[in-house]
Amino acid sequence: METANSSNILASTFYLTGIPGYEEFHHWISIPFCLLYLVGIMGNCTILHIVRTDPRLHEPMYYFLAMLSLTDMGMSLPTMISLFRVLWSISREIQFNTCVVQMFFIHTFSFTESSVLLAMALDRYVAICHPLRYATILTPTLITKIGIAALLRSALPVIPNVAQLAFFPFCHSHTLSHSYCLHQDVICLACADTKFNVIYGLVRITLLWGMDSLGIFVSYVFILHSVLKISSQEGRFKALNTCASHICAVLILYVPMMGLSIVHRFAKHSSPLIHIFMAHIYLLVPPVLNPIIYSVRTKQIRQGILHLLSPLKLSSSLM
């Protein structure tokens, strides 16, 4: 009976991996990770605060930007505790239930971010192609519905994959190749037929990312068609300039996401450092860079940040 209990405990526990071969430097490696997480959290919280408190930013474009900030934080925060537990040598263990919850949030918010980027592309399409109807088409009610639909559309397809893991035995290695749980990583350790999970996961990714990327592409085809009709070069440049931040956000999400999927499926025997490097880029780069890009490229956000900092400057000068 005691052996069976210990076997069940083992089967419900996974072991996370930091940076293999650099274990003695984990404490030093944690410093840049800590800085990146702080920059990402502070940047996204600043954008959320500015959009919430500045009445001038109560417009569809900024509501979608707030959604992007929320999904960025939802994608990176679930990994933060487990990453620092590994790097600070607190514990490498993660319970199966915690692992499943973590991977659910990571995959759900990564798909939600893709959906939000599609919504932002539609926002740019309406703003450029139908400017006079912008406020009447993208009402607050419609924006709320789009946000709820994006979250449900992303969460529901993830459930079958993570739910089926509860029925798989893990009888061999329990060591994951990352410092957090990804479905494609956990499924490799199962001692069962995982064909459904692999095929379903591939179809899910292809459909969700494929539909979103196709929608973004079609939106920009119409945007370019409309912009080319503008007579003045200055007008064309101004219209396209409003899309620059969104295009950067799309590339920041899709390039690492595609790279991680390709590495996991077609480069399984490559160096573990490549897998770890791609996985951390996938989760850390969008939350860190998106607030910076929108702060630099968007005048209203930049003014909001300066307005937020001005009371701090005033109080410091009085002291």
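Scoring rules and cut-offs
Sequence order as written defines the numbering, with residues in each chain counted from 1. Given that this is a predicted model, residues contribute local features only at a pLDDT of at least 70 and side-chain atom pairs are listed and counted only at 80 or more, while totals for whole chains, interfaces and linings are drawn from all residues. Only hydrogens and water are set aside when side-chain values are computed; all heavy atoms of the structure are taken into account. UniProt positions are given in the numbering used here, feature names are shortened, and annotations may be inferred rather than shown by experiment. In the sections that follow, a salt bridge refers to a side-chain nitrogen of Lys or Arg positioned within 4 Å of a carboxyl oxygen of Asp or Glu. Only protein chains enter the accessibility calculation, which uses a 1.4 Å probe. A residue is then buried if its area is under 20% of the maximum for its type, exposed if over 50%, and partly exposed in between. Starting at the N terminus, helices and strands are each numbered in turn, a helix being any DSSP run of H or I of at least four residues and a strand any DSSP run of E of at least two. Axis definition: a line fitted to C-alpha atoms, limited for helices to the stretch in contact. Angles are taken between N-to-C directions and run from 0 to 180 degrees. Oblique is the label for any angle not under 35 degrees, not over 145, and not in the 65 to 115 range, which are roughly parallel, roughly antiparallel and roughly perpendicular in turn. If you view the pair so one helix is near and one far, a crossing is left-handed when the near helix is turned anticlockwise from the far one by less than a right angle, and right-handed when it is turned clockwise. Working rule for contacts: check all heavy atoms of both residues, and any pair within 4.5 Å makes them a contact. Here the term charged refers only to Asp, Glu, Lys and Arg, the term nonpolar to Ala, Val, Leu, Ile, Met, Phe, Trp, Tyr, Cys and Pro, and the term polar to all other amino acids, Gly among them.

Per an unreviewed UniProt entry, the chain goes by the name Olfactory receptor and belongs to Bos indicus. UniProt annotates the chain under Function (unreviewed entry) with the comment "Putative odorant or sperm cell receptor."

## A look at the pattern of salt bridges
Taken as a whole, this structure holds 3 salt bridges when the rule is applied. For Asp123, the salt bridge is made with Arg124, and the minimal N-O distance between the two is 2.9 Å. Asp123 gets classed as buried once you look at its relative accessible area, which sits at 2%. One salt bridge in this structure joins Arg153 and Asp212, with 2.9 Å as the shortest N-O distance. Separated by 59 residues along the polypeptide, Arg153 in helix H6 (residues 140-155) and Asp212 in helix H9 (residues 195-227) bring together distant segments of the chain. Judged by its relative accessible area of 24%, Arg153 falls in the partly exposed class.

## Considerations on the packing of helix H4 (residues 96-129) against H6
Closest axis-to-axis distance for the H4/H6 pair is 8 Å, and the angle between their directions is 140°. One element, H4, and the other, H6, form an angle in the oblique class. Where H4 crosses over H6, the handedness of that crossing is right-handed. Contacts from Phe104, Thr108, Phe111, Thr112, Ser115 and Ala119 in H4 reach Ile146, Ala150, Leu151, Arg153, Ser154 and Ala155 in H6. Partitioning the contact of H4 with H6 into residue classes produces 7 nonpolar, 4 polar and 1 charged.

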